[in-house]
Amino acid sequence: MVDREFAEAFAGALKRIGLNPRRGFEKDKTRSGRWYVEVSSKSLFTFLKGPKEKLFEVANAYPREFLRGFFDSEGSAIVSRRKARVEACNYDFDVLKLCQELLAGLGIHSKIYKTKRKGQPVVIRGKQYRYNSDLFTLTIYRRESVYRYTRNIGFTIPRKQDKLLEYLGLSQHNDRNSGEDKTERS
């Protein structure tokens, strides 16, 4: 994880379900420095390695929380002078399709694109590799949908959330959990 805030939020969520996470910062010359969160839990491991349908049940029960966590870990806020979009890349088309359905249930339009094909070459840190699987990108790009995402789901990571808030001309101190459109007045 690149962002300390995300690592802290993730560790906090693990604590709330009764686990004892360890977190820290890893400096590795072969990678960029990253925050990490570790936890040992047989039941969590079994759940995460189990059938996707179980994960999908939880996601459907807690769509905002699932989407926030997913986009925090896999997503980006991309802003230019005229446009903003939220994207998440993943190799698992079914997971992106679930996210698209959850977003649609919240009135947020999105599209899924195949962005890299299996076997396509890629250069990472000067070394050439090939994609082992197709890579897909889920994109939220319509202004109204970016607005709804920002207000009703948002990012835990401040640098990502603040990009969208600034683009939309909204307060930096919004209440994402209420689902209401509240802006701070000074």
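Residues numbered from 1 in each chain as written. Predicted model: local features only at pLDDT ≥ 70, side-chain atom pairs only at ≥ 80, totals over all residues. Heavy atoms only, no water.

**Q** Could you clarify how one ought to interpret the environment of Asn-20 in this entry?
**A** By secondary structure assignment, the location of Asn-20 is in the loop between helix H1 (4–16) and strand E1 (22–26). For the pair Asn-20 and Ser-40, spaced 20 residues apart in sequence, the C-alpha to C-alpha distance is 7.9 Å. Not counting chain neighbours up to four residues away, the residues in contact with Asn-20 comprise Glu-38 and Val-39. (Helix = DSSP H or I, 4+ residues; strand = E, 2+ residues; numbered from the N terminus. Contact = heavy atoms within 4.5 Å.)

**Q** Looking at this structure, how should I read the packing of aromatic side chains?
**A** Each pair of aromatic rings is reported with the distance of its centres and the angle of its planes. Inspection of every chain in the model, using the stated rule, returns seven aromatic pairs. Seen in terms of ring centroids, Phe-66 and Phe-70 are 6.3 Å apart; in terms of plane orientation they differ by 10°. Their pairing is stacked. Taken together, the residues span about one helical turn, with Phe-66 and Phe-70 both in helix H4 (residues 63–74) at a distance of four residues. On the basis of relative accessibility, which here comes to 17%, the residue Phe-66 falls in the buried class. Here Phe-70 falls in the buried class, since its relative accessible area comes to 9%. Ring pairs connect the aromatic residues Phe-66, Phe-70, Phe-71, Tyr-149 and Phe-155, which therefore count as one cluster. (Phe/Tyr/Trp six-rings, centres within 6.5 Å; stacked < 30°, edge-to-face > 60°. Buried < 20%, exposed > 50% of the residue type's maximum accessible area, 1.4 Å probe, protein only.)

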